[in-house]
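Residues per chain are reported as follows:
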Amino acid sequence: SNSHIEVPMETSIISCYPNPFNPYIIITYNIERYSPVDLFIYNIIGQEVYSFKNSEFVKGIKQFKWDGKDNYGNQLSSGIYIIEIHSYDSIVSQKITLIK
């Protein structure tokens, strides 16, 4: 049986769970090489609603928990959002759905 987790060799979003989500979602992602990582969340019309800038250099599988709130702590409305993760050499994105 294959019981170990396959580590992707490239920067990628591994999973977003649960999706749809309420009240929070856990984003699991892999960073290929040591890099400062910025995470952005946009609404469906492309406006940035949340950002997290990690000044530390990270590598490997990381998790980020998001509670569906914007940068000011306001609860966002139901709908589709896009997570975007920026590292040195990659931008990866995935759609998520918030249901209130």
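First, a word on scope: everything that follows refers to the structure included in this document. (Residues numbered from 1 in each chain as written. Predicted model: local features only at pLDDT ≥ 70, side-chain atom pairs only at ≥ 80, totals over all residues. Heavy atoms only, no water.)

Some details on the overall build of the protein chain
Okay, so step 1: Along the backbone of the protein chain there are zero helices and five strands.
Okay, so step 2: Element order for the protein chain, N to C, with α for helix and β for strand: β-β-β-β-β.
Okay, so step 3: Computed over C-alpha atoms, the radius of gyration of the protein chain comes to 14 Å, within 12% of the 13 Å expected from 2.2 N^0.38 for 100 residues, which places it in the range of a compact globule.
Okay, so step 4: With the principal axes as the frame, the protein chain shows a C-alpha extent of 40 × 35 × 20 Å.
Okay, so step 5: Out of the 100 residues in the protein chain, the part that is buried amounts to 39%.
Okay, so step 6: Considering only contacts within the protein chain whose residues lie at least 6 apart along the sequence, 51% involve residues at least 24 apart.
Okay, so step 7: Split by element, the accessible area of the protein chain, about 6200 Å² in all, is 51% carbon and sulfur. (Helix = DSSP H or I, 4+ residues; strand = E, 2+ residues; numbered from the N terminus. Rg over C-alpha atoms; globule rule 2.2 N^0.38 Å. Buried < 20%, exposed > 50% of the residue type's maximum accessible area, 1.4 Å probe, protein only. Contact = heavy atoms within 4.5 Å. Areas by Shrake-Rupley, 256 points an atom, 1.4 Å probe, with all protein chains shown as cover.)

A few points about the nonpolar core
Okay, so step 1: The biggest cluster of nonpolar side chains holds 22 residues, and the ones touching the most others in it are Ile27, Ile41, Trp66, Ile83, Ile85 and Ile96.
Okay, so step 2: Those elements giving two or more residues to this core turn out to be β1 (12–17), β2 (25–43), β3 (48–66), β4 (79–86) and β5 (91–98).
Okay, so step 3: In terms of residue count, β2 provides more of this core than any other element does, seven residues in total.
Okay, so step 4: Excluding residues that lie within four positions of it along the chain, Ile85 makes contacts with Ile13, Ile27, Tyr29, Ile31, Val37, Asp38, Leu39, Ser90, Ile91 and Val92. (Core = buried A, V, L, I, M, F, W, Y, C linked by side-chain atoms within 4.5 Å.)

Concerning unusual backbone geometry
Okay, so step 1: Cis geometry is found at the peptide bond from Tyr17 to Pro18, where omega equals -10°.
Okay, so step 2: Turning to its location among the elements, Pro18 is positioned in the loop between β1 and β2.
Okay, so step 3: Note the cis peptide between Asn19 and Pro20, where omega equals 10°.
Okay, so step 4: As for its placement among the helices and strands, Pro20 is situated in the loop between β1 and β2.

Overview of the side chain of Glu84
Okay, so step 1: The residue Glu84 is located in strand β4 in this model.
Okay, so step 2: With no salt bridge to any partner, buried Glu84 finds its closest opposite charge in Lys53, at an N-O distance of 11 Å.
Okay, so step 3: There is a polar contact of 2.7 Å between the side chain of Glu84 and the side chain of His86.
Okay, so step 4: When sequence neighbours within four positions are dropped, the list of residues in contact with Glu84 reads Asp38, Leu39, Phe40, Tyr42, Ile91, Val92 and Ser93. (Lys, Arg positive; Asp, Glu negative; His and termini not counted. Salt bridge = Lys/Arg side-chain N within 4 Å of Asp/Glu carboxyl O. Polar contact = N/O pair within 3.5 Å; in protein donor to acceptor, adjacent residues only side chain to side chain.)

Regarding the packing of aromatic side chains
Okay, so step 1: Applying the stated criterion across every chain yields a total of seven aromatic pairs.
Okay, so step 2: Residues Tyr50 and Trp66 carry aromatic rings whose centres are separated by 6.2 Å and whose planes lie at 45° to one another, so their mutual orientation is tilted. Of the two residues, Tyr50 and Trp66, neither departs from the other in class, the shared state being buried.
Okay, so step 3: Look at Trp66 and Tyr81: their rings are 6.1 Å apart centre to centre, the planes differ by 70°, and that puts the pair in the edge-to-face class. Taken together, the positions of Trp66 in strand β3 and Tyr81 in strand β4 put the pair 15 residues apart, joining distant regions of the chain.
Okay, so step 4: Tyr81 sits in the buried class, given a relative accessible area of 4%.
Okay, so step 5: An aromatic cluster is defined as three or more aromatic residues linked by ring pairs; in this entry it consists of Phe21, Tyr50, Phe52, Phe64, Trp66 and Tyr81.
Okay, so step 6: Above the face of the Tyr24 ring, Lys65 is positioned so that its terminal group lies 4.0 Å from the ring centre. (Phe/Tyr/Trp six-rings, centres within 6.5 Å; stacked < 30°, edge-to-face > 60°. Lys NZ or Arg CZ within 6 Å of the ring centre and 35° of its normal.)

Limitation: the analysis is restricted to geometry and does not speak to function.
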